[in-house]
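Listed below are the residues making up each chain.
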Amino acid sequence: MDNLLILGAGGFGQMVYETARLTGRYGKIAFLDDAAKDSRVIGKCVDYPGFLGEYPCAVAALGNNGQRLKWTKALLAAGFSVPDIIHPSAVVSPSAGMGPGCFVMQRAVVNTHVRLGMGCLVNSGAIIDHDSTVGDGAHIGLGSVIKANCQIEPQRKVEAGEVIFSTRRRIEGVDSRELEDALYAFGFGNRCSYVKPFGAGHINETYAVYMPAEGGEEELAYVLQRVNKFVFKNPAHVMENIFGVTEYLRRSIRAGGGNPDRETLSYIKTRAGENYFEDAKGLPWRCYNYIPDSVCYQTTPEPEQFYQSGKSFGRFLKQLGDYPAGTLHETIPRFHDTESRYADFERALRRDVKNRARTCAAEIAFTEARQKDCGRLMQPLRAGLLPLRVTHNDTKLNNILFDAATGEGICVIDLDTIMPGLAANDFGDSIRFGASTAAEDEQDLSKVHFDLALFELYTKGYLEAAGDVLTAAEKDSLAWGAKLMTLECGMRFLTDYLQGDVYFKTQYPTHNLVRARTQFKLVSEMEEQFGAMQAILQKYS
């Protein structure tokens, strides 16, 4: 049992003496003090080096913050072991961390993940709540309360009974109060290393959230998004759909022996237990775990990726085959109702609020010539010939995460538009994006072609994974799905162009018109090869 030397024999030193005795950890306990007269005082403070052999442990029990910290450093430099002195009635979390020479007095509470610097004093009855940090030499006064996630400056004295509320720290990459509020709402604010824009979506603002890793480095841990409320007018319904489907998928994946942490997104509730956070401007934010060792492709670098995306979306359909699609909210009414999309186009053309119709006469004529085609899926749906499914409704290649090591599709992402819909909608949207030889906004139309070989690869993967979930009528509808989703997307781009670019993000004035032209070029080539598309579907059905 080691002996303990206490520098300072005043009132605080006497408290430390009693506390050290109560711990039962020390043999002899003596004081050094420059003025006190006491039989236990064996020298002055400057005499400390001479007592190292007999008293290997020493603490600086001085009420002045600066002096306590100064002498704690001196004792350490001299080779003393400088312990923490904790009263038996105090409550200190096993996850709390303390620097040398700290004092935690009677009935004080040091909660989960608190960090105390060197030479701190937590006085009787004080409470430091979880995830707070107290700087070197600080004094947390009698009965004071440090709320969760606070930062107490070095050598600060928190007065008796004072309550300290969380103060926010600067986070690199945060350029708005709304983003900062969202980080704190999800509980990342006091630990987040930095944030930066993430992804290449047209609709939502997306940020990568980097957090400290166990090895001391920083890792991408979460994805934070501000949802476009112009598009998703009822975010509560959007998030109810997402939580319902992802939680169902987790159970399904786990039951099948898979890894739900990699094979579906895991959304996070706010600290208040809500599905999303609404900022001061009334805009919703949501958050999900980042899936490491995964990659996302904006275009098809290799045909294998397109085949894998077909398997992923086919598997997605099958996994949700028994999910009650009718319980989902229709968060964007008539989203893939091509007849309704045509009506939107007609309305935008009639109003022509930006006087742009004169600049896109050919595209307008192309759309009008295909009005009758717009009912090719809606009519059998209304007749009960095609069943409603849980559909993704945005099945582009870049909404699949691929395993970086194996190249296999592992997870369907971007679940904003999860709704009741048709299998042909999801199949068709994949084809219109992935079976194109050029980017969605390629300005040189000579580069834009519908690739029948890519169509076949996707069809093979999709039907292999979907298995017998699809009915015969659904399989027959898939070629029409490819054509109509491409036509519909072109109409949406053209409609937004006529309305003044209020829906899709644009980078230049004719961006949406360029996008519409690429879609219409694909529609033309699909029409030329429609028989071949149907033959491929028959081959793999």
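All residue numbers here refer to positions counted from 1 along the written sequence of the relevant chain. Where local features are concerned, this predicted model is filtered to residues with pLDDT of at least 70; where side-chain atom pairs are given and counted, the filter is 80 or more; whole-chain, interface and lining totals use all residues. The basis for every side-chain value is the complete set of heavy atoms in the structure, and neither hydrogens nor water enter the calculation.

1. Considerations on the sheet that holds strand β26 (residues 400–403)
Working step 1: What the three strands build is an open sheet, ordered β24-β26-β27; its pairing is antiparallel. Taken across any chain shown, the strands that pair with only one partner, and hence form the sheet edges, are β24 (294–295) and β27 (409–412).
Working step 2: Strand pairing follows a simple DSSP-based rule, namely that at least 2 bridges must link the two strands. Here a helix means four or more residues in a row that DSSP labels H or I, a strand means two or more in a row labelled E, and each is numbered from the N terminus. Relative to β27, β26 runs antiparallel, the two sharing three bridges. By the bridge assignment for β27, I400 is matched with V412.
Working step 3: Only heavy atoms matter for contacts: two residues are in contact if any of them lie within 4.5 Å across the pair. Where helices are involved, their axes are fitted lines through C-alpha atoms of the stretch in contact, as for all axes, and angles between N-to-C directions lie from 0 to 180°. Packing against the sheet, helix α6 (residues 303–319) makes contact with β26 and β27, and its axis sits at approximately 50° to β27.

2. Quick look at the sheet that holds strand β13 (residues 139–140)
Working step 1: With parallel pairing, five strands are arranged side by side in an open sheet as β4-β7-β10-β13-β16. The outermost strands of the open sheet, each flanked by one partner alone, are β4 (85–86) and β16 (157–158).
Working step 2: Pairing of β13 with β16 involves two bridges; the strand directions are parallel. Its bridge partner being in β16, I140 is matched across the sheet by V158.

3. Quick word on helix α8 (residues 361–368)
Working step 1: Here's how the labels work: a residue is buried when its accessible area is under 20% of the maximum for its type, exposed when over 50%, partly exposed in between, all with a 1.4 Å probe on protein chains only. Taken together, the buried positions of α8 are occupied by E363, I364, F366 and T367. Down the axis of α8, the smallest arc covering the buried residues is 160°, so these residues share one side. Exposed and facing more than 90 degrees away from the buried side of α8 are A361 and A362.
Working step 2: Residues of α8 that are buried in the fold lie against α7 (338–351), α12 (472–499) and α13 (511–528). Picture the helix axis, draw a direction to every C-beta atom, and the arc is the one those directions span.

4. A look at the nonpolar core
Working step 1: Judged by nonpolar contacts, the single largest core of 89 residues is most densely connected at I431, Y462 and L494.
Working step 2: It is α12 that provides the largest number of residues to this core, a total of 13 residues.
Working step 3: Apart from residues lying up to four places away in sequence, L494 is in contact with F345, C360, E363, I364, T367, L513, A516 and F520.
Working step 4: As used in this record, nonpolar core signifies buried Ala, Val, Leu, Ile, Met, Phe, Trp, Tyr and Cys residues forming a set joined through side-chain atoms within 4.5 Å. Residues A9, Y17, C45 and V82 belong to the second largest nonpolar core, which totals 34 residues.

5. Examining the side chain of T495
Working step 1: Tracing the sequence through the fold places T495 in helix α12.
Working step 2: Accessibility expressed as a relative area gives 7% for T495, which makes it buried.
Working step 3: Distance and chemistry together define a polar contact, namely a pair of N or O atoms within 3.5 Å, with one atom able to donate a hydrogen and the other to accept it when in protein, and with adjacent residues in sequence counting only for side-chain atoms on both sides. Among the polar contacts made by the side chain of T495, one reaches the main-chain carbonyl oxygen of M491 at a distance of 2.7 Å.
Working step 4: Apart from residues lying up to four places away in sequence, T495 is in contact with D344, F345 and A348.

6. Let's talk about the packing of aromatic side chains
Working step 1: Each pair of aromatic rings taken from Phe, Tyr and Trp, with Trp reduced to its six-membered ring, is defined by centres within 6.5 Å and is described as stacked if the planes are under 30 degrees apart, edge-to-face if over 60, and tilted in the remaining cases. On inspection of all chains with the given rule, the structure shows 25 aromatic pairs.
Working step 2: Aromatic pair F12 and F103: ring centres 5.2 Å apart, planes at 80°, arrangement edge-to-face. Of this pair, F12 sits in helix α1 (residues 11–23) while F103 is found in strand β7 (residues 103–104), placing the two residues 91 residues apart along the sequence.
Working step 3: Looking at F12, the relative accessible area reads 14%, which means it is buried.
Working step 4: Ring centres of F188 and Y222 lie 4.2 Å apart, and the angle between their planes is 15°; this geometry places the pair in the stacked category. Within this pair, whereas F188 is found in the loop between α3 (177–185) and β18 (194–197), its partner Y222 is found in strand β20 (residues 218–226), the two being separated by 34 residues in sequence.
Working step 5: Here the aromatic residues F306, F427, F450, F455, Y458 and Y462 are joined through ring pairs into a cluster of three or more.

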